[in-house]
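Structure at a glance
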Amino acid sequence: MRKLKFNRVGIAGAGAMGSGIAQVIATAGAHVFLYDISNASLDKAEKSIAQSLEILLGKNKITEAEKKAIQGRITTGTSLDGFIDCNLIVEAALEEMKVKQDLFRSLEERVSPGCVLASNTSSISIASLSNGLTNPERMIGIHFFNPAVLMPLVEIIPSVLTRNGLAEEVFAEVKAWGKSPVIAKDTPGFIVNRVARPYYGESIRIYEEGIAGFYTIDHAMKTMGGFKMGPFELMDFIGNDVNYKVTESVWTQFFFEPRYKPSLTQKRYFEAGLYGRKSGRGYYNYQNPEPAAPDANPELLGKIFDRVITLLIHEAADTLFWGIAGKEDIDTAMMRGVNYPKGLLKWGDEIGWNVISHRMQGLYERYGEDRYRLSPLVFEMAEQNKTFY
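Residues numbered from 1 in each chain as written. Predicted model: local features only at pLDDT ≥ 70, side-chain atom pairs only at ≥ 80, totals over all residues. Heavy atoms only, no water.

Concerning the pattern of salt bridges
With the rule as written, the count across this model stands at 28 salt bridges. Between R259 and E315 there is a salt bridge, with its nearest N and O atoms 2.9 Å apart. With a gap of 56 residues between them, R259 in the loop between helix 11 (240-253) and helix 12 (264-271) and E315 in helix 13 (residues 298-321) connect regions that are remote in the sequence. When its relative accessible area of 14% is taken as the criterion, R259 is described as buried. Under the relative-accessibility criterion, E315 is labelled buried at 2%. Across the pair E350 and K342 runs a salt bridge whose closest N-O atoms are separated by 2.8 Å. Residue classification places E350 among the partly exposed residues on the basis of a relative accessible area of 47%. Several salt bridges converge on common partners, so that one network encompasses R194, E257, R259, E315, D318 and R373. (Salt bridge = Lys/Arg side-chain N within 4 Å of Asp/Glu carboxyl O. Helix = DSSP H or I, 4+ residues; strand = E, 2+ residues; numbered from the N terminus. Buried < 20%, exposed > 50% of the residue type's maximum accessible area, 1.4 Å probe, protein only.)

Right, dumping it as structure tokens:
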């Protein structure tokens, strides 16, 4: 077990994400204080952690002694005073800016000046959460993916106010927790929730144009591209309420950038409460499943795959162009955060940037929409016949 810089860690919020983060950090050897305003939520979190550890025990991944030691390193409580001795606090509360800002201001009154404050937000800027803090230099984003125990990726997001060197300190600590960290700029969606937008948005666009149905589009992405889940399966798994809200948030925070515009299909499914697996019905019916009957026409499947993968690769390249993250971090994020079969920039090298450029220009000429305008970096890569690797 590696020596940890942050040996007393607080987790604010005992939902599925908070309890998962608590388990990860306690497993790495730190003492964890898990806070929630609800005793019922804390009881549920303790049971969830116990069940998760029992599964690991059954798979011989931990011993009975290790299980007890991990549980022994986690304490719970409903008082913010439990955070007083922490040297790192990770907030995993409701995804509402005011709730988070109020919480951080209350925490700052109680903790030491050296305590690092972090948010697990997936859609709110770290700079905005720093607003009102006496010492905003200690604020940073530490974004886990759900389920936190299983998903290896953690995005680390310094804001314009974060002190120099803190991102690198947190990066090293997250590695010590056994995770795969990447560093991203404080921009909407960070890496994964930005780059992944076309997987959902362009697939819905293909459906709305009447080119193919849900089954066929999912089938194309799995059989032609090696994706573990098709876009509609994945949206149902994530929850169409969550996916729609993230899409809307990224779109509005980018000043209504056309590439991230939500679809009416997404909005209507959200409004109807068709959230996916958790509601029993989404793009698929989980209460009364229907037999899958995708169109097996290889030309159609290839057309679908080519269009979606082109938009994904283009978005990854544009993310690099704007300096949101380095090429290795972008590729790592998509493989480790959403289980893509390979890094998108590496995939672009394999397909050829001249091909990606030609396809994007073809879509732009056909539709005349800024959604398909060519990134300067893709243009340069194609013109100069360059590769990233």
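Still more to cover.
Here we look at a nonpolar patch on the surface
On the surface, F237, I238 and V242 cluster together into a nonpolar patch covering about 250 Å² of accessible area. Note that F237 resides in helix 10 (residues 231-238). (Patch = residues over 30% accessible without salt bridge, like charges linked within 9 Å, V, L, I, M, F, W, Y side chains within 5 Å. Areas by Shrake-Rupley, 256 points an atom, 1.4 Å probe, with all protein chains shown as cover.)

What to know about helix 1 (residues 16-27)
With 12 residues, helix 1 should cover 16 Å at 1.5 Å per step; its first-to-last C-alpha distance of 17 Å lies within 8% of that length. Of all the positions in helix 1, only M17, G18, S19, G20, I21, A22, Q23, V24, I25 and A26 are classed as buried. A positive phi of about 115° marks G29, the residue just after helix 1. (Expected span 1.5 Å × (residues − 1).)

Notes on the nonpolar core
The biggest cluster of nonpolar side chains holds 76 residues, and the ones touching the most others in it are F83, I191, Y199, F227, L344 and W353. With sequence-adjacent residues up to four places away left out, I191 is seen in contact with E155, V182, I183, A184, A325, D329, I330, A333 and M334. Counting 39 residues, the second largest nonpolar core, distinct from the first, contains A30, L34, L88 and V154. (Core = buried A, V, L, I, M, F, W, Y, C linked by side-chain atoms within 4.5 Å. Contact = heavy atoms within 4.5 Å.)

Honestly, that's just the spatial picture; any functional story needs more than this.
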